[in-house]
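Secondary and tertiary structure notes
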Amino acid sequence: MIEHLRGTLDVKTPALVVVDCHGVGYGLSVPLSTYERLPDSGATVRLYTWLSVREDAHRLFGFHTQEERALFRALIGVTGVGPTVALAILSSVPPSAFRAAVLAGDAARLRGIRGVGKRLSERLVVELKDVIGSVPDALPGQPASRGEAALRDAALALEKMGF
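Next up on the list: helix H2 (residues 66–76). Burial of H2 is extensive: 10 of the 11 residues sit out of reach of the surface. Of the residues making up H2, those classed as buried are Gln66, Glu67, Glu68, Arg69, Ala70, Leu71, Phe72, Arg73, Ala74 and Leu75.

Here it is in C-alpha cells:
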C-alpha cells in the first residue's frame, strides 16, 4: 500500500493532480477539499493516498489529511458507494459536517449531496453510524499521527469484520 506521496506538485486540476516524486509522476484523483488546500504548481506537497485496484484499472486517490482518507475508506465500504461517489461526498461536505449528520441520523441533510438519493442517504446513516462514532476525530486541518491512524484503521477493520 502506498501510504503517502511527497514530491513536487506538477499538475493541479480539480479532478486530478500529478505529484513528481524523483522523476516519476503519480496521477491522483482528489476531492475538492484537498484541491483547495494545495499550493501552486512547483511547490512541495504531501498527500495521503489510497490505491484502488480493479480488474480494469489501478487508481490512486490523494487526500490532504488522514481524516479525509479514513472517511473515504469508510464510505467505499458502504454498499452502493464507489470511489467516484465517495469523492463527490468529500467534495461536497467537510468531514466534520458529514460525521455530524451521520451521528445525528440526519439522512435528509445527506440527500443534498450530489449523487446521494434517499436510499443511499439512509444506507450511509445506518452503515456508518457505529463506524464513525467509534473512530476519534483528527484535529481539524491537521493530519493525525501515525499511531492514531493505525488505531483508526484497526478500529475500522474490526468494525467491518463485525467486532
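Now that the structure is up, let's keep going.
Put simply, H2 and helix H4 (residues 95–104) touch, their axes get as near as 10 Å, and they point 40 degrees apart. In terms of orientation, H2 lies oblique with respect to H4. Note that H2 runs across H4; the crossing there is left-handed. Note on element contacts: H4 touches H2 through Pro95, Ser96, Phe98 and Arg99, opposite Glu67, Glu68, Leu71 and Leu75. Of the residues belonging to the contact of H2 with H4, the class tally is 4 nonpolar, 1 polar and 3 charged.

With 82% of its residues at a pLDDT of at least 70, the protein chain reaches an overall mean of 85. Note on residues 138–145: pLDDT is under 50 here. Beyond four places in sequence and across chains, it has 10 contacts.

What follows deals with the side chain of serine 29. In this fold, serine 29 is placed in strand E3 (residues 24–29). Judged by its relative accessible area of 9%, serine 29 is buried. A distance of 3.4 Å separates a polar atom in the side chain of serine 29 from a polar atom in the side chain of arginine 59. Look past the residues within four positions of serine 29 in its chain and what remains in contact with it is Ala15, Leu16, Arg59, Leu60, Phe61, Gly62 and Leu87.

Counting across every chain of the model gives 3 salt bridges. In this structure, the salt-bridge partner of arginine 69 is glutamate 3, at a minimum N-O distance of 3.1 Å. Residue arginine 69 is located in helix H2, and its partner glutamate 3 is located in the segment before strand E1 (4–12); the two are separated by 66 residues in the primary sequence. Classification of arginine 69 as buried rests on a relative accessible area of 3%. Notably, a salt bridge pairs aspartate 56 with arginine 54, separated by 3.0 Å at the nearest N-O pair. What makes aspartate 56 exposed here is its relative accessible area of 59%.

Summarising the element assignment, histidine 4 is placed in strand E1. Since its relative accessible area comes to 28%, histidine 4 is described here as partly exposed. In this structure the C-alpha to C-alpha distance between histidine 4 and arginine 46, which are 42 residues apart in sequence, comes to 6.8 Å.

Our next topic: the packing of H2 against helix H3 (residues 83–92). Close contact between H2 and H3 brings their axes to 9 Å; oriented N to C, the two are set at 135 degrees. The angle between H2 and H3 places the two elements in the oblique class. In this structure, H2 crosses over H3, and the sense of that crossing is right-handed. Residues Glu68, Leu71, Phe72, Leu75 and Ile76 of H2 form the contact with H3, whose own contacting residues are Pro83, Ala86, Leu87, Ile89 and Leu90. Residue composition of the contact of H2 with H3, grouped by class: 9 nonpolar, no polar and 1 charged.

What the largest pocket holds in volume is close to 290 Å³. Lining the largest pocket are 15 residues, and of these Thr84, Leu87, Ala88, Ser91 and Arg114 lie nearest its centre. In terms of residue count, H3 provides more of the lining of the largest pocket than any other element does, 6 residues in total. Per-class residue counts for the lining of the largest pocket are 8 nonpolar, 5 polar and 2 charged.

What counts and what doesn't
- Residues numbered from 1 in each chain as written.
- Predicted model: local features only at pLDDT ≥ 70, side-chain atom pairs only at ≥ 80, totals over all residues.
- Heavy atoms only, no water.
- Buried < 20%, exposed > 50% of the residue type's maximum accessible area, 1.4 Å probe, protein only.
- Helix = DSSP H or I, 4+ residues; strand = E, 2+ residues; numbered from the N terminus.
- Axes fitted to C-alpha atoms, helices over the stretch in contact; angles between N-to-C directions.
- Parallel < 35°, antiparallel > 145°, perpendicular 65-115°, else oblique.
- Left-handed = near helix turned anticlockwise from the far one by under 90°.
- Contact = heavy atoms within 4.5 Å.
- Nonpolar A, V, L, I, M, F, W, Y, C, P; charged D, E, K, R; others polar.
- pLDDT = per-residue confidence, 0-100.
- Polar contact = N/O pair within 3.5 Å; in protein donor to acceptor, adjacent residues only side chain to side chain.
- Salt bridge = Lys/Arg side-chain N within 4 Å of Asp/Glu carboxyl O.
- 1 Å grid on protein atoms, 1.4 Å probe; cavity = no way out; pocket = protein on both sides within 12 Å on 5 of 7 lines; lining within 4 Å.
- Points joined across faces, edges and corners; volume = space filled by probe spheres on them.

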